[in-house]
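Structure at a glance
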Amino acid sequence: PHIKARQSPYLNGPARATVPDTLVAWEAPWEEYAPTVYEAPSVVAQPVWADNPQSLSTLAFNKVDGKINRVSHEGPYTIDPATHMPRNPRGRTGLQGRGLLGRFGPNHAADPIVTRWRRSGRAVARDSQGLPVLEFVGIKRRDNGEWAIPGGMVDAGDTVSATLKKEFGEEALNTLEMSDAERAKALEGLGSLFKDGWLVYKGYCDDPRNTDNAWMETVAINFHDATGELTKHIVLSAGDDAGAVKWLPVEPGLQLYASHADFIARVAEHRLEEFEDSEVDEAQPAPLVAVTVTDVSSAAAMVADVTADAAAAPPVAAVSPRKRRASDEPASAEPTPRASPKRSRPAAETTPTRRSSRTRKPAK
């Protein structure tokens, strides 16, 4: 069962009811269950990214509701007949209402994971075990100082693919401080890199902001530069919620915010397999074979400590959001997920830490 979503007290809010593992599932009888209803002041103020609770009975749950996508990546969710509120598909959290989240039901996010091989001249750098060193673009969050993957909530009417590029630009390139012409040029320069991506994860996020009636979901996609040519002209500059940005190596002891270490572990396993299979010639990119990605659990060996680590993780500090995002239409405009056929090989070591997304940015 989810862990972060049961951490108490809630972020800058009330204490959650204690929910034992055996009673997380809605199917488990619990007549005495009557948790506190909580909605943060930022949500009660009715910003554009938040639902109007007075219209709760008219919201089209499990559907695309105008420009708002209320469909869950987890499949259909149930509606409480007494409260007309949707039920968290992973079960009880010890708190009702929306908490810090704007939408009843799923709150959609997108996380771009940009990677490349570290190089020494034209050669791919190797670690002490002889394995190629994978790097990814990481941001240092302003709210808690933790390193994370860039990302953010999907605006109403936006596509996942548009959000991936926009959020990377805002947090890793500081496009919010650019002129319109500079911003257009910077985002255009990401075109080739963001053309094809590998689907890392699509689904529920075990997030400390989740409640019984509102929860985070994300789509994490990896954009990999196999040759170093697509990223060599990118100038990283922290912006928006990022206090710093840089290329970080994937290595043992890697500490990242929320579920991001889990995502990076999956990417590392996939790219290391791909390197062995298709990138022996370091100067030439090997073509990826398009497949339907249905299994995102292949890095289990790399993330065996995620659950135990998450259980011991302290609550994440709340953030006062500058912006909140809603959801998008079904991802018809998403980048084409790509992957290579799997090979049986030892998984690269990494140490994931805390699980879930951020107050206005997921995680992821």
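Definitions and cut-offs
Residues numbered from 1 in each chain as written. Predicted model: local features only at pLDDT ≥ 70, side-chain atom pairs only at ≥ 80, totals over all residues. Heavy atoms only, no water. Helix = DSSP H or I, 4+ residues; strand = E, 2+ residues; numbered from the N terminus. Buried < 20%, exposed > 50% of the residue type's maximum accessible area, 1.4 Å probe, protein only. Contact = heavy atoms within 4.5 Å. Expected span 1.5 Å × (residues − 1). Pairing = 2+ DSSP bridges. Phe/Tyr/Trp six-rings, centres within 6.5 Å; stacked < 30°, edge-to-face > 60°. Core = buried A, V, L, I, M, F, W, Y, C linked by side-chain atoms within 4.5 Å. Polar contact = N/O pair within 3.5 Å; in protein donor to acceptor, adjacent residues only side chain to side chain. pLDDT = per-residue confidence, 0-100. Salt bridge = Lys/Arg side-chain N within 4 Å of Asp/Glu carboxyl O.

Our focus in this paragraph is the overall build of the protein. For the protein, the helix and strand inventory stands at five helices and 14 strands. Within the protein, buried positions represent 54% of all 364 residues. Of all intrachain contacts in the protein linking residues separated by at least 6 positions in sequence, the fraction that spans at least 24 positions is 79%.

This paragraph deals with helix H2 (residues 160–172). Relative to the 18 Å expected for 13 residues at 1.5 Å per residue, H2 spans 18 Å between its end C-alpha atoms, a close match to the ideal helical length. Among the residues making up H2, those that are buried are Val160, Ser161, Thr163, Leu164, Glu167, Phe168, Gly169, Glu170, Glu171 and Ala172. The inward-facing, buried residues of H2 contact strand S5 (105–117), strand S8 (134–141), strand S10 (152–153), helix H3 (180–188), strand S12 (214–225) and strand S13 (242–249). Directly after H2, the chain includes Asn174, whose backbone phi takes a positive value near 60°.

Tracing the backbone through its elements, the reader meets Thr175 in the loop between H2 and H3. For Thr175, the residues in contact, after removing those within four places along its chain, are Gly169, Glu170, Arg183, Ala186 and Leu187.

Buried residues dominate strand S11 (residues 196–204), accounting for seven of its nine residues. Pairing of S11 with S12, which is carried by six bridges, proceeds in the antiparallel orientation. What sits directly across from Tyr204, in S12, is Glu217.

Any aromatic ring pair is given by two values, namely how distant the centres are and how the planes are angled relative to each other. Evaluation of the coordinates by the stated rule reveals nine aromatic pairs. Geometrically, the ring pair formed by Phe61 and Tyr77 is edge-to-face, given 6.4 Å between the ring centres and 70° between the ring planes. With Phe61 in the loop between helix H1 (41–44) and strand S2 (64–65) and Tyr77 in the loop between strand S3 (68–69) and strand S4 (96–99), this residue pair connects regions lying 16 residues apart in the sequence. Residue Phe61 shares its accessibility class with Tyr77, and that shared class is buried. Residues Tyr77 and Trp215 carry aromatic rings whose centres are separated by 5.3 Å and whose planes lie at 85° to one another, so their mutual orientation is edge-to-face. Placement of the pair is Tyr77 in the loop between S3 and S4 and Trp215 in strand S12, with a sequence separation of 138 residues. Of the two residues, Tyr77 and Trp215, both sit in the buried class.

Grouped together as the largest cluster of nonpolar side chains are 31 residues, with contacts concentrated most on Ile113, Phe136, Val200, Leu256, Phe263 and Ile264. Elements that contribute at least two residues to this core include exactly S5, S8, S11, S12 and helix H4 (260–278). With seven residues, H4 is the largest single contributor of residues to this core. Residues Ile234, Val245, Tyr257 and Ala258 belong to the second largest nonpolar core, which totals 24 residues.

This part covers the side chain of Thr227. Its location among the elements puts Thr227 in the loop between S12 and S13. Within the structure, Thr227 has its side chain in polar contact with the backbone nitrogen of Glu229 (distance 3.2 Å).

Its location among the elements puts Asp241 in the loop between S12 and S13. On the basis of relative accessible area, Asp241 is assigned to the buried category, the value being 7%. Sequence-wise, Asp241 and Asp143 are 98 residues apart; in three dimensions their C-alpha atoms are separated by 8.0 Å.

Attention now moves to the environment of Asn69. Among the structural elements, Asn69 can be located in strand S3. In this structure, the C-alpha to C-alpha distance between Asn69 and Asp155, residues 86 residues apart in sequence, is 9.9 Å. A distance of 2.9 Å separates the side chain of Asn69 from the backbone nitrogen of Val71, its partner in a polar contact.

Another aspect to go through is the confidence of the model for the protein. Overall, the prediction assigns the protein a mean pLDDT of 79, with 76% of residues at 70 or greater. A low-confidence stretch, residues 288–364 stays under pLDDT 50, and its non-local contacts, those more than four residues away or across chains, total 270 contacts.

Another aspect to go through is unusual backbone geometry. A cis amide bond links Ser8 with the next residue in sequence, Pro9, at an omega value of 0°. At Asn12, a position not held by glycine, the phi torsion is positive, near 50°. A positive phi is found at His84, a non-glycine position, where the angle reads about 65°. Assignment of secondary structure puts His84 in the loop between S3 and S4. According to the relative accessible area criterion, His84 is partly exposed, its value standing at 42%.

Any two side chains of opposite charge can pair, on the condition that their charged atoms come close. If you walk through the whole model with that rule in mind, you get 16 salt bridges. A salt bridge links Asp80 to Arg87, with the shortest nitrogen-to-oxygen separation between them at 3.8 Å. Looking at Asp80, the relative accessible area reads 15%, which means it is buried. The salt bridge partner of Arg271 is Glu274, with a shortest N-O separation of 2.9 Å. Remark: Glu274 and Arg271 occur in helix H4; sequence separation between them is three residues, near one turn of the helix. Here the two residues Arg271 and Glu274 agree in accessibility, since each one is buried. One salt-bridge network, in which partners are shared between bridges, spans Asp51, Asp65, Arg70 and Arg103.

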